[in-house]
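# Architecture and fold: a report
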Amino acid sequence: MTALLEVEDLRVAYGKIEAVKGISFTVDAGQVVTLIGTNGAGKTTTLRTLSGLLKPLGGRILFEGKPLANIPAHKIVSLGIAHSPEGRHIFPRLTITENLLLGAYLRNDKAGIEKDVQRAYDLFPILGERRKQAAGTLSGGEQQMLAMGRALMSQPKLLMLDEPSMGLSPIMMQKIMETIVELKAAGTTILLVEQNAQAALSLADQGHVMEVGKIVLSGAGSDLLHDESVRKAYLGED
Ligand code: ATP
């Protein structure tokens, strides 16, 4: 079986600074795969490259077996890759519903879109309760939910989440992680970037540890969670 996403020897640079130095990994349909690692490891750069926002310096990206090189970002969305970026990037003056609808801008199946808006409200009831309010009035955690809901509105084959737990209270973080588990159960394939290694590895099928642009360790999420070097470096154990 071909993987949904195959990344081979990917290299990405900002000018002369190589932020991603030849990484390879795959994501199979239905899996949750996580990239963990400290600040500056190259995780966000990897997702931005997969979304078409950055051009790779080298390597290959295959989505459903086809190369993604030189495909513009909006076409990548239409191929089935959605990105919920770090820092959320919701539109604060638009209502919650309007923000969700923006995620469906490539679709024209009105009934399907309405169903998916309702699904976002079912996943995150607070969004439904406040649907007519400006999104800027939501708390940070709620904005994160909206960003995830909006990414889902394109009915992605691959949902990429960049640091969904960043800056959230433990309760909000728990809610986001539970939602990822629910989405996986519903068949969504997810590439998750997280600094919260404990949470990410607990729910991931596969995990990759990144350090200064390279993948230094890969394995099943549960194995990495129990790996001594991971525990020391990322889970704060002595
Ligand atoms: P974080 O969790 O802090 O976002 P990360 O693993 O996502 O970390 P990246 O944001 O991908 O890391 O950054 C990788 C490297 O690339 C870092 O050294 C960073 O300083 C550098 N970098 C990121 N964006 C730019 C940019 N626009 N111009 C120059 N260098 C950049």
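Report on the accompanying structure.

What counts as what
- Residues numbered from 1 in each chain as written.
- Predicted model: local features only at pLDDT ≥ 70, side-chain atom pairs only at ≥ 80, totals over all residues.
- Heavy atoms only, no water.
- Near = heavy atom within 4 Å.
- Polar contact = N/O pair within 3.5 Å; in protein donor to acceptor, adjacent residues only side chain to side chain.
- Areas by Shrake-Rupley, 256 points an atom, 1.4 Å probe, with all protein chains shown as cover.
- Helix = DSSP H or I, 4+ residues; strand = E, 2+ residues; numbered from the N terminus.
- Expected span 1.5 Å × (residues − 1).
- Buried < 20%, exposed > 50% of the residue type's maximum accessible area, 1.4 Å probe, protein only.
- Contact = heavy atoms within 4.5 Å.
- Core = buried A, V, L, I, M, F, W, Y, C linked by side-chain atoms within 4.5 Å.
- Pairing = 2+ DSSP bridges.
- Axes fitted to C-alpha atoms, helices over the stretch in contact; angles between N-to-C directions.

## Focus on the site of the ligand
Around the ligand, the surrounding shell holds 13 residues, and the nearest of these are Asn 39, Gly 40, Lys 43, Thr 44 and Thr 45. Within the side chain of Tyr 14, an N or O atom sits 3.4 Å from a nitrogen atom of the ligand. For the ligand, an oxygen atom lies 3.0 Å from a polar atom in the backbone of Ala 41. Protein contacts shield 62% of the accessible area of the ligand, which totals 630 Å² for the unbound molecule.

## What about helix H4 (residues 110–123)?
Taking 1.5 Å of rise per residue, 14 residues should cover 20 Å, and H4 covers 20 Å from first to last C-alpha, within 8% of that figure. Of all the residues in H4, the buried ones are Gly 112, Ile 113, Asp 116, Val 117, Ala 120, Tyr 121 and Leu 123. Close packing links the buried residues of H4 with helix H3 (96–102), helix H5 (125–129), helix H6 (140–152) and helix H7 (170–185).

## Some words on the nonpolar core
One finds Leu 127, Leu 146, Leu 159, Ile 180 and Ile 190 to be the most contacted residues of the largest nonpolar core, which totals 46 residues. Residues contacting Leu 159, with those up to four places away along its chain left out, are Ala 82, Ala 151, Leu 152, Leu 183, Thr 188, Thr 189, Ile 190 and Leu 191. The next biggest cluster of nonpolar side chains, apart from the first, holds 25 residues, and it includes Leu 5, Phe 25, Leu 50 and Met 160.

## A look at the sheet that holds strand E8 (residues 189–194)
An order of E6-E7-E8-E3-E9-E10 is seen for the six strands of this open sheet, with the pairing classed as mixed. Every other strand in the sheet has two partners, leaving strand E6 (81–84) and strand E10 (214–220) as the edge strands with one partner each. The sheet shows a mean angle of 15° between the axes of neighbouring strands, taken without regard to direction. Where strand E3 (residues 32–36) lies against strand E9 (residues 206–211), four bridges are found, and the strand directions are parallel. In the sheet register, Thr 34 faces E9, and the bridge partner there is Gly 207. Against the sheet, H6 contacts E6 and strand E7 (158–162), and its axis sits at roughly 170° relative to E6.

## Some thoughts on helix H1 (residues 43–50)
Because an α-helix completes one turn every 3.6 residues, residues spaced three or four positions apart along the sequence face the same direction. In terms of burial, H1 is largely enclosed, as six of its eight residues are buried. Residues Lys 43, Thr 45, Thr 46, Leu 47, Thr 49 and Leu 50 constitute the buried set of H1. Trailing H1 by a residue or two, Gly 52 shows a phi angle of about 85°, which is positive.

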